[in-house]
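Remarks on the overall topology
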Amino acid sequence: VQLVESGGGLVQAGGSLLLSCAASASTFAIDHMGWYRQAPGNQRELVAYISNGGGTTSYADSVKGRFTVDRDNTKNTMYLRMNSLKPEDTAVYYCNAYRTAIEGKYPWGQGTQVTVSS
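Below is a short write-up of the structure. What you are looking at is a predicted structure, and each value in this text was computed from that prediction instead of being measured. (Residues numbered from 1 in each chain as written. Predicted model: local features only at pLDDT ≥ 70, side-chain atom pairs only at ≥ 80, totals over all residues. Heavy atoms only, no water.)

1. Looking at the state of the cysteines
Linking two cysteines covalently via their sulfur atoms produces the bond known as a disulfide. Counted according to the given criterion, the structure contains one disulfide. Paired by a disulfide, Cys21 and Cys95 hold their sulfur atoms 2.0 Å apart. Between Cys21 and Cys95, the S-S dihedral sits near 70°, and the bridge is therefore right-handed. Taken together, the positions of Cys21 in strand S3 (residues 17-23) and Cys95 in strand S9 (residues 91-97) put the pair 74 residues apart, joining distant regions of the chain. A relative accessible area of 0% places Cys21 in the buried class. (Disulfide = S-S within 2.5 Å. Helix = DSSP H or I, 4+ residues; strand = E, 2+ residues; numbered from the N terminus. Buried < 20%, exposed > 50% of the residue type's maximum accessible area, 1.4 Å probe, protein only.)

2. Overview of the sheet that holds strand S10 (residues 112-117)
Within a sheet, adjacent strands bond to each other through the backbone by hydrogen bonds, running parallel or antiparallel. Across the sheet, six strands lie side by side as S2-S10-S9-S4-S5-S6; this open sheet has mixed pairing. With partners counted over all chains shown, the strands left at the sheet margins are strand S2 (9-12) and strand S6 (57-59), one partner each. This sheet shows a mean twist of 25° between the axes of neighbouring strands, independent of strand direction. Direction of pairing for S2 relative to S10: parallel, over a ladder of four bridges. (Pairing = 2+ DSSP bridges. Axes fitted to C-alpha atoms, helices over the stretch in contact; angles between N-to-C directions.)

3. What about the sheet that holds strand S8 (residues 77-82)?
One open sheet accounts for four strands, arranged S1-S3-S8-S7; its pairing is antiparallel. In the strand order of this sheet, the two ends are held by strand S1 (3-6) and strand S7 (67-72), each with one partner. Direction aside, neighbouring strands of the sheet carry axes that sit 15° apart on average.

4. Some remarks on the pairing of S7
Looking along a regular strand, one sees the side chains alternate between the two faces of the sheet. Residues Phe67, Val69 and Arg71 line the buried face of S7, whereas the alternating positions Thr68, Asp70 and Asp72 sit on a face that is not buried. Both S7 and S8 contribute to a ladder of six bridges, which runs antiparallel. Within the sheet, the bridge partner assigned to Arg71 lies in S8 and is Met78. Where S7 hands over to S8, the hairpin turn is made up of four residues, of which Asn76 adopts a positive phi near 50°.

5. Digging into the nonpolar core
Judged by nonpolar contacts, the single largest core of 28 residues is most densely connected at Met33, Trp35, Met78, Leu80, Met82 and Tyr93. Mapped by element, the contributors of at least two residues to this core are S3, strand S4 (33-38), strand S5 (45-50), S7, S8, S9 and S10. When near neighbours in sequence (up to four residues on either side) are disregarded, Tyr93 contacts Glu5, Leu19, Tyr36, Arg37, Val47, Phe67, Leu80, Met82, Gly111, Thr112 and Val114. (Core = buried A, V, L, I, M, F, W, Y, C linked by side-chain atoms within 4.5 Å. Contact = heavy atoms within 4.5 Å.)

6. As for the side chain of Asn96
With respect to the helices, strands and loops of the structure, Asn96 is situated in strand S9. Here Asn96 falls in the buried class, since its relative accessible area comes to 0%. Only 3.3 Å separates the side chain of Asn96 from the backbone nitrogen of Lys105, close enough to count as a polar contact. With residues near it in sequence (within four places) discarded, Asn96 still touches Leu3, His32, Met33, Gly34, Tyr36, Gly104, Lys105, Tyr106, Pro107 and Trp108. (Polar contact = N/O pair within 3.5 Å; in protein donor to acceptor, adjacent residues only side chain to side chain.)

Shown next, in the form of C-alpha cells:
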C-alpha cells in the first residue's frame, strides 16, 4: 500500500490548510485511518482518527475543535481540514491505516510539511 500526503505549506497563525491522503489500495474502505504528525525531536503522534465508514471520528485534545477529518472511500482519499492553526501545529503530517496512537499499519509515506508562523 502506498500513501501519498499533500496540501501542506507555510501559513500564518490563525490560518487554514486542507491536507489530502491518497491511498493506492482497494482495501482503503475497510481500514480505519489516522492522521499523525511528528515535530522535530518529538515522537510521532496521532492527531485524528476516522473509522472505515467515516461514522466515528476522534481527535487529540490539542487539535479538538480546530481540525476535522473526513474520507471519501470512492476516491481512496482521506482529508484533514485544519483551522485556527497555531505555531505548535508545525510538524510533518502523515496518514496511515490506524494501528496504535504511534504506529500505522502500512509503511509510512513522505508526509507533508506544515509550518505555522507566529
